[in-house]
Amino acid sequence: MSKRMSATEFDNAKPFDQVPGLRVLPIIGTTWGMFPHIGDGIPISRMLELQKLRFKQFGYIWRDIVPGRPPIVYTARPEDVEKLFKTEGKHPVRPGMDTIKAYRAQRIKDFTSAGILLSSGDAWWQTRSKTQQTFLKPKNATHYIPVLNDIAEDFIDRIRLIRPENNEMKPDFINDMYRWALESVGVVGLNTRLGCLRPDLAPDSEAQKLINAANFSFDAINDLEHNFPFWKFFVTPMLQKLYDAQDFLTDTTIKYISQTVEALKGSSFDSYLSILEQLLVRGMEPSDVVTMVIDMLMAGVDTSANTSAFLLYYLARNPEKQEKLRQEILSVVGPKGSTATASALNSLPYLKACIKESFRLMPAANANARITDKDLVLSGYIIPKGTLVAALHQLMGRLDENFPEAEKFIPERWIKGDLQESHHHPYVTLPFGCGTRMCIGRKIAELEIQQLTIKMLQNFKVEYDHEDMSCFMRMTNMPDKPLLFKFIDL
Ligand code: HEM
């Protein structure tokens, strides 16, 4: 954009205080909007519902003012999102997870940096630049295909073991999805099979305690960061429990990384090195690798588990799409017991389309967010530097103007040349984020989800005969109903 054009753009733009939004009250700003009686009473966990309502009230752009925090601007206009990401600087800032920053700051001997997920500026780039090649190199991801296949097989065995006689899973099945996701990300980050899917997992086993620690952390971060931040003034009981859970994750991670460091001492490095080994031998301090691995556990469990749960839900609710996908899998990969190779995974366009379509409706991240490092004009308003801008992908993904019959699950939208192929704006759905801060684990995540879906459809007809499912936020979008899937043997 030329200087003259952008000057004209700013000259013609309306000031920030004219961005539509709720009335700003002293002390509570616009937070009253979520209160019962005086506001709409929709809690922040029901983010999509809240955004749909504000979209009706204010249109494509609106703002919130929360005292003590940067102003927040929400946009549902793809052109704004494109500008946000195309103009971002070298070190994009993503908000959130202040509780974990506080935890790491008080355990300073083990955390020499805040880590890739939480840090900003040069500190973030120091880690990102040393790790992204390792994570995103196709060969490094495909190395995990066989083990992720084994993990998916183990999950199928576990389902058969715990499945009640009527084939319908118990209401806590989501926890089994977390076990699968932790086992999968653990094999990459900790270089070990943790055993989360073992049938005889004792309550005091390391794997069970890890599952509990990860799960409790997500609940606690969500609770502490979405309510009044008493924890910033003193260590509340919830914060202390979060610190205890993080201590367990940290100590366990240190244990496995120390084992890998020891094993590497006798290695001649002539065989293939895993991602963890590559990080250790290519210039990262073991303490920084520990932080990186904990970030993988924090970023790679809820996301993969919930994404896969939503995908299974949509396939269960759309039996003809499920059958079409099964036929693709059976013809390319083969019947149950057959393993998908890297080349088979590249020949499954309908599987990829189903994953994209599920992401459109239920992305793990309801929005991608940045704290801006320069003044911008969005939807004709001047948005000052330092504003938190949230790009509302889930809302945009559900607007008919972006996707005809947007509430319907139509994977064909993502198939080139199909009559229903979608011609939407490229910034409407970005399930793994955008730009240099984009998800570093996306290749691993895609493999995990592909392997699990292949195994599920090779083995079972999946049904769901209950109320429609929607989502609520616990850091990421979660199913708001129990996963009462029926897994019927084929
Ligand atoms: C379905 C699964 C997943 C989804 C949908 C997902 C999505 C995301 C999104 C939206 C972001 C923010 C990107 C941005 O701000 O532009 C992100 C960041 C990140 N993700 Fe994922 N993720 C998934 C799985 C994973 C896995 C399995 C790992 C680890 C192996 C992982 C590691 C990370 C890390 C470390 C970051 C921070 C990157 C940075 O700030 O430089 N994610 N992810």
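Residues numbered from 1 in each chain as written. Predicted model: local features only at pLDDT ≥ 70, side-chain atom pairs only at ≥ 80, totals over all residues. Heavy atoms only, no water.

- An unreviewed UniProt entry lists the protein under the name Cytochrome P450 49a1, from Daphnia magna.
- UniProt annotates the protein under Cofactor (unreviewed entry) with the comment "heme". (UniProt positions renumbered as here; feature names shortened; annotations may be inferred.)

Quick notes on the nonpolar core
Here's step 1: Among the nonpolar cores identified, the biggest contains 112 residues, and Phe 155, Phe 173, Met 177, Leu 182, Met 456, Phe 485 and Phe 487 are the most heavily contacted of them.
Here's step 2: By residue number, the principal contributor to this core is helix 8 (residues 173-189), which donates 10 residues.
Here's step 3: Beyond its immediate sequence surroundings of up to four residues, Phe 487 is in contact with Ile 159, Arg 163, Asn 167, Met 169, Phe 173, Leu 312, Met 456, Phe 460, Lys 461 and Val 462.
Here's step 4: Counting 34 residues, the second largest nonpolar core, distinct from the first, contains Phe 16, Val 19, Phe 55 and Leu 395. (Core = buried A, V, L, I, M, F, W, Y, C linked by side-chain atoms within 4.5 Å. Buried < 20%, exposed > 50% of the residue type's maximum accessible area, 1.4 Å probe, protein only. Helix = DSSP H or I, 4+ residues; strand = E, 2+ residues; numbered from the N terminus. Contact = heavy atoms within 4.5 Å.)

With respect to the coordination of the iron atom of the ligand
Here's step 1: What the protein offers the iron atom of the ligand as a donor is a single atom, Cys 439 (SG), at 2.3 Å.
Here's step 2: Looking at the secondary structure, you find Cys 439 in the loop between helix 17 (393-397) and helix 18 (442-459). (Donors = N, O, S within 2.8 Å, 3.2 Å for Na, K, Ca; no water.)

Here's the deal with empty space enclosed by the protein
Here's step 1: Under the definition given, this model contains 3 cavities of 30 Å³ or more.
Here's step 2: If you go around the largest cavity, the residues you meet are Phe 359, Arg 360, Pro 363, Ala 365, Asn 368, His 393, Gln 394, Thr 429, Leu 430 and Pro 431.
Here's step 3: Residue classes in the lining of the largest cavity are distributed as 5 nonpolar, 4 polar and 1 charged.
Here's step 4: Roughly 40 Å³ of internal volume is contained in the second largest cavity.
Here's step 5: If you trace the second largest cavity, you find it lined by Ser 308, Leu 311, Leu 312, Ile 449, Leu 452, Thr 453 and Met 456.
Here's step 6: Broken down by secondary-structure element, the contributors of at least two residues to the lining of the second largest cavity are helix 13 (302-317) and helix 18. (1 Å grid on protein atoms, 1.4 Å probe; cavity = no way out; pocket = protein on both sides within 12 Å on 5 of 7 lines; lining within 4 Å. Points joined across faces, edges and corners; volume = space filled by probe spheres on them. Nonpolar A, V, L, I, M, F, W, Y, C, P; charged D, E, K, R; others polar.)

Some remarks on the pattern of salt bridges
Oppositely charged side chains can form a pair if their charged atoms are brought close together.
Here's step 1: By the definition in use, this model includes 36 salt bridges.
Here's step 2: Across the pair Arg 107 and Asp 251 runs a salt bridge, and its minimum N-O distance is 2.6 Å. Here Asp 251 lies in helix 10 (residues 237-265) and Arg 107 lies in the loop between helix 4 (98-106) and helix 5 (121-136), a separation of 144 residues in the sequence.
Here's step 3: Taking relative accessible area as the criterion, Arg 107 reaches 13% and is therefore assigned buried.
Here's step 4: Ionic pairing is found between Glu 407 and Arg 398, a salt bridge with its closest N-O pair at 2.7 Å.
Here's step 5: With relative accessibility at 47%, the residue Glu 407 sits in the partly exposed group.
Here's step 6: The class of Arg 398 is buried, set by a relative accessible area of 12%.
Here's step 7: What you see here is one network of salt bridges that share partners, running through Arg 107, Lys 109, Asp 110, Asp 247 and Asp 251. (Salt bridge = Lys/Arg side-chain N within 4 Å of Asp/Glu carboxyl O.)

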